[in-house]
Amino acid sequence: MSNITQSLYNIRLLDELGEKKTVIHQIHPLAKVLTTGVYLVVTVSFGRYELSGLIPLLFYPIIVIALAEIPVITMAKRVLLVSPLIIGIGVFNPILNQDPMIVLPWIIISSGWVSFLSLLVKGVLTALAALLLISTTGITKIALALRMMRVPKVFILQFLLTYRYISVLVEEVGRIIRAYSLRSPREKGIRFSNWGSLTGQLLIRTLDRAQRVYYSMRCRGFKGEYNVGREVGIQFRDILYLGGWSVYFLIIRYFNISELIGSLMIGVGK
Amino acid sequence: MSHHKIEVNSLKYQYTDGRQALNGVNFLITHGESVGIVGANGAGKSTLLMHLVGILFPNEGEVNVGDVPVTKKTLPVIRQSVGMVFQNPDDQLFMPTVFDDVAFGPRNYQLPEEEVEKRVHEALDTVGVLHLKSRPPYKLSGGEKRAVAIATVLAMKPDVLVMDEPTAALDPKSRRRLITLLQGFTHTKIITSHDMDMVFELCERTIVLKDGKVSADGPTLEVLSNRELMEDCSLEVPLTLQACPVCGRNNI
Amino acid sequence: MHMADALISPVVGGAMWAATTGAAAYSVKKVQYDLDEKKIPLMGVMGAFVFAVQMINFAIPATGSSGHIGGGLLLAIILGPYAGFLTMASILAIQALFFADGGLLALGSNIFNLGFYTCFVAYPLVYKWFTSKGYSQGRLLWGSILAAVIGLQIGSFSVVLQTIISGKTELAFGTFAMLMQPIHLAIGLVEGLVTAAVVSFIWKARPEIVERVSEKALGGVSLRKVVAGLAVATIMFGGIFSWFASTRPDGLEWSILNASAMEELDASGGIYDTIASVQEKIAFFPDYGFKNQERKVIEDTKETDNFWPSIDMGTSVSGLIGGLMTLLLAGITGLVIYFVKKRKREDII
């Protein structure tokens with residue numbers, strides 16, 4: 001139940017954030033989609049045992065969060081729920097690989113731990129990138145970017161419809177489950193004998209709804225083709241945004257900034 | 001402007017499951033008329049409306065809008081002149097924002113984007129919800145949803161407005177606002193409803209459906225005040241026309 | 001189970017995106033070719049339905065626990081494989097965007113693992129095989145269960161392969177597969193049972209929904225093409241896997257070797273190594289040590305005279321200190337922007 005309210009809340013919050021009008025929100029959606037792409041590829045291209053090199057990648061989400069006025073704590077909560085698969089798989093690394101890797105005067109850290117940490121950091125960074133994309137762009141503009149990337153209109157319309165009706169159907173499922181659990185307080189989930197009828201009835205209602213939606217689309221001249229609005233032109237600042245970040249990401253990829261700063265510090269110290 | 005008349009001739013329709021929803025319906029609605037269609041659940045109201053916009057096609061009989069028969073071929077013309085507001089606004093508001101939704105129809109007619117924007121603004125302004133332009137539909141109240149649903153139809157600049165239960169699930173204030181709004185429209189209006197008082201206020205003419213047939217058709221006051229007819233069709237005389245429960249005085 | 005961005009390498013992610021894009025483009029063509037415009041709102045609303053149904057807890061009899069469904073098979077049964085695949089793609093895309101579930105880079109791989117095998121392998125080959133000679137309660141039940149189980153088994157095996165090839169885990173191939181496959185057997189059983197229950201219910205209430213759609217779907221899927229595609233995929237995966245198994249007898253050993261090679265590179269410095277490292281990074285194949293034979297030689301020689309060949313205390317310390325400094329700097333940058341913006345806002349007010 002909390003799952004349901006939570007997911008609706010989640011979608012609506014990100015929707016709301018997407019409506020803001022900050023510098024970042026005004027960047028062309030296509031530029032943001034591509035920047036996110038470059039960022040993701042660079043992030044995951046780091047090797048299994050690279051940790052310090054990943055840290056400068058944090059500048060991107062931090063700057064975007066600050067400029068786009070995204071609430072830090074709400075974002076952090078979401079990101080901490082990193083895919084269970086990452087932890088599930090990553091947790092074996094320290095067990096399976098205990099060779100020392102980082103040797104400091106007071107502690108020796110095994111490469112298993114380094115690779116686990118590296119995985120977690122990547123998990124956080126990639127999750128942040130996706131959430132920041134949607135919360136600084138909004139679904140409508142994502143659709144626009146997809147259109148400019150030559151994604152077929154049929155798919156985009158279908159994608160938008162799914163998005164739109166998630167609200168309606170999740171609420172409906174919420175009502176059904178509430179009604180069900182009120183009459184079966186001791187059960188953890190839907191009883192076996194009700195699996196088919198509960199879900200099936202919802203499915204039939206959904207199909208009827210789809211038909212009504214189709215009717216109302218047809219009444220407004222729908223002929224199988226989705227007509228998107230005006231394509232917004234790309235401006236110089238959009239190219240600059242994409243170019244600037246890409247160059248920065250590539251520099252990070254080729255030079256370990258953290259280590260450079262570190263050796264500089266040590267050098268100065270000596 | 002006689003070409004906006006709507007003519008229904010001995011219309012019959014049977015659903016695939018064998019239910020005879022319409023069994024010989026006849027009427028003629030002329031330009032600028034405001035007509036209420038009332039009847040019990042299952043009397044065939046919604047089925048009738050779907051024939052007016054060409055979602056369903058008759059098994060027998062015919063429907064003419066102006067001088068054009070409603071057939072698959074004439075649909076683009078029909079749908080530009082007849083706009084339908086569905087009973088559940090959630091079925092009609094299928095795009096992620098109000099703007100995109102209202103723009104959906106005009107865009108389908110390949111209008112230039114400036115014209116689309118102009119129409120969206122006009123339509124939203126007419127129903128008084130221009131400020132909701134960039135909202136997602138789930139953030140609208142019931143009344144707002146209804147208003148936007150009407151705007152989606154107005155943006156197509158129809159001559160005839162067909163509405164299925166427009167006041168269903170509205171709070172009294174939203175209902176009142178909607179009635180006032182609709183009173184201001186000069187379109188030909190065809191409204192189905194169980195809200196007898198709304199029909200009484202909005203429509204000068206009322207058609208009563210029973211078991212897929214027209215059981216009465218005439219001036220609203222005459223039809224709705226006929227207690228016997230109303231009882232017979234599982235309806236009720238509008239409260240406005242009933243005697244005052246406190247003082248017993250009758251309004252008419 | 002969703003594949004995650006962090007577990008995937010750019011090459012695997014890119015390849016799976018390419019495969020998914022291909023399948024999706026073909027599906028869009030098929031859906032458009034059908035000229036069934038009715039299907040578009042149906043797909044949209046069904047996508048939302050599956051999204052919502054994924055949140056229902058189904059109590060599993062006699063276990064005290066509950067399960068969820070993914071809905072891929074149900075989509076294929078109701079919408080047909082092409083529309084089902086596209087709808088699954090939309091659902092996963094929305095989950096990746098709004099819940100960072102899986103992530104955007106791994107999205108291609110997730111759509112493939114959860115959508116392709118179900119819609120284009122399990123549905124036509126298993127479910128259709130059971131129901132092609134007519135419908136009955138039993139056929140629907142077995143068709144759904146087996147299709148769900150098989151679809152998910154291939155899907156989860158695909159997750160294992162993609163993860164191992166991406167090389168972000170220390171888990172050996174065998175161990176990982178032994179972990180994943182049984183879990184997905186259970187998940188598949190629940191998926192199949194729920195799907196069967198729903199489909200049987202619909203079939204009794206409105207038989208035309210189940211029968212009509214699947215008839216159309218049968219005309220659409222060319223079994224031969226699917227089998228051919230499967231064969232190619234099997235050979236491909238088999239080839240990669242056997243190469244992997246023969247050259248690297250032990251995944252664990254391989255990864256350690258690989259790791260030490262990497263560190264070696266950083267520690268020894270020199271122009272040659274810098275170039276090599278740039279080369280390696282350009283290729284986005286940082287985890288693979290098989291490109292540079294020479295490096296192995298260096299490493300072998302060093303290994304003999306140093307117990308921990310890969311460790312250089314200087315690098316460790318500078319990495320740690322530098323990392324902390326960078327972290328601090330990033331944090332400060334964020335705070336500065338935040339306060340400047342706040343000041344500006346206050347000025348305006």
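See the structure above.
Residues numbered from 1 in each chain as written. Chains lettered and ligands numbered in written order. Predicted model: local features only at pLDDT ≥ 70, side-chain atom pairs only at ≥ 80, totals over all residues. Heavy atoms only, no water.

Caption draft 1: Structural detail: the overall build of chain A. In terms of regular secondary structure, chain A is built from 13 helices and 2 strands. Buried residues in chain A amount to 60% of all 270 residues. In chain A, the share of contacts with a sequence separation of at least 24, taken over all contacts with a separation of at least 6, comes to 77%. (Helix = DSSP H or I, 4+ residues; strand = E, 2+ residues; numbered from the N terminus. Buried < 20%, exposed > 50% of the residue type's maximum accessible area, 1.4 Å probe, protein only. Contact = heavy atoms within 4.5 Å.)

Caption draft 2: Fine view of the overall build of chain C. Helices and strands together make up the secondary structure of chain C, namely 13 helices and 2 strands. Sorting the 349 residues of chain C into buried and exposed places 52% on the buried side. In the form shown here, chain C has an accessible surface area of approximately 14900 Å², with 70% of it arising from carbon and sulfur atoms. (Areas by Shrake-Rupley, 256 points an atom, 1.4 Å probe, with all protein chains shown as cover.)

Caption draft 3: Spatial organisation of helix α6 (residues 137-166) of chain C. For α6(C), with 30 residues, the first-to-last C-alpha span of 43 Å sits near the 44 Å given by 1.5 Å per residue. Positive phi shows up at C:G167, right after α6(C), with a value of about 65 degrees. (Expected span 1.5 Å × (residues − 1).)

Caption draft 4: The arrangement of the packing of aromatic side chains in detail. In the structure shown here, the tally under the stated rule is 31 aromatic pairs over all chains. With centroids separated by 4.8 Å and ring planes inclined at 85 degrees, the aromatic side chains of B:F94 and B:F104 adopt a geometry described as edge-to-face. Taken together, the positions of B:F94 in the loop between α3 (89-92) and α4 (98-108) and B:F104 in helix α4 put the pair 10 residues apart, joining distant regions of the chain. Looking at B:F104, the relative accessible area reads 3%, which means it is buried. On the numbers, 4.4 Å between centres and 5 degrees between planes, the contact of C:F112 with C:F116 is stacked. (Phe/Tyr/Trp six-rings, centres within 6.5 Å; stacked < 30°, edge-to-face > 60°.)

Caption draft 5: Helix α2 (residues 39-53) of chain C, seen in detail. Under the 1.5 Å per step criterion, the end-to-end length of α2(C) is 20 Å for 15 residues, consistent within 8% with the ideal 21 Å. Across the 15 residues that make up α2(C), a large majority, 15, are buried.

Caption draft 6: Quick peek at the pairing of strand β10 (residues 213-219) of chain B. Residues and elements named next belong to chain B. Pairing geometry for strand β9 (residues 205-210) and β10, over 6 bridges, is antiparallel. From the neighbouring strand, V208 faces β10, where its bridge partner is A216. Hairpin connection, β9 to β10: the antiparallel pair is bridged by 2 residues, and D211 has positive phi, about 50 degrees. (Pairing = 2+ DSSP bridges.)

Caption draft 7: Molecular detail of the interface of chain A and chain B. Facing 32 residues of chain A, the contacting portion of chain B comprises 35 residues. Interface area lost by chain A to chain B is led by A:R164, A:C219 and A:R220, which between them contribute 28%. Put simply, chain A and chain B have 5 salt bridges between them. Put simply, A:R164 and B:D90 hold a salt bridge, and the shortest N to O gap is 2.8 Å. Along the contact surface separating chain A from chain B lie 12 residue pairs in polar contact (both at pLDDT 80 or more). Of all the elements in the fold, those that place two or more residues in the side of chain A that touches chain B are α1 (2-18), α9 (139-148), α10 (153-183) and α11 (195-219) of chain A. (Buried area = accessible area lost by both parts, 1.4 Å probe. Salt bridge = Lys/Arg side-chain N within 4 Å of Asp/Glu carboxyl O. Polar contact = N/O pair within 3.5 Å; in protein donor to acceptor, adjacent residues only side chain to side chain.)

Caption draft 8: Quick look at the pattern of salt bridges. Using the criterion set out here, one finds 24 salt bridges over all chains in the structure. Ionic pairing is found between A:E172 and A:R205, a salt bridge with its closest N-O pair at 2.7 Å. A residue pair is termed long-range when its members are at least 10 positions apart, and A:E172 in helix α10 and A:R205 in helix α11 qualify at 33 residues. Note on A:R205: relative accessible area 39%, which makes it partly exposed. As a salt-bridge pair, B:D217 and B:R205 come within 2.9 Å of each other at their nearest N and O atoms. With B:D217 in strand β10 and B:R205 in strand β9, this residue pair connects regions lying 12 residues apart in the sequence. Residue class for B:R205 comes out buried when judged on its relative accessible area of 13%. In the salt-bridge network here, residues are joined through shared partners; they are A:E172, A:R205, A:R209, A:R212 and B:D91.

Caption draft 9: Seen up close, the sheet that holds strand β2 (residues 20-29) of chain B. Residue and element names in this part refer to chain B. Pairing is antiparallel in the open sheet, where 4 strands are placed in the order β2-β1-β4-β5. Unpaired on one side and paired on the other, β2 and β5 (68-69) mark the two borders of the sheet. Pairing between strand β4 (residues 60-65) and β5: 2 bridges, direction antiparallel. If you follow V65 over to β5, its bridge partner there is V68.

Caption draft 10: Structural detail: the sheet that holds strand β8 (residues 188-192) of chain B. Residue and element names in this part refer to chain B. The sheet built from 6 strands is open, its strands ordered β6-β7-β8-β3-β9-β10 with mixed pairing. Looking at which strands have only one partner, the edges of the open sheet turn out to be β6 (82-85) and β10. Across the sheet, the mean angle from the axis of one strand to that of its neighbour is 15 degrees, orientation sign disregarded. Of the strand pairs in this sheet, strand β3 (residues 34-39) and β8 are connected by 4 bridges, and their pairing is parallel. (Axes fitted to C-alpha atoms, helices over the stretch in contact; angles between N-to-C directions.)

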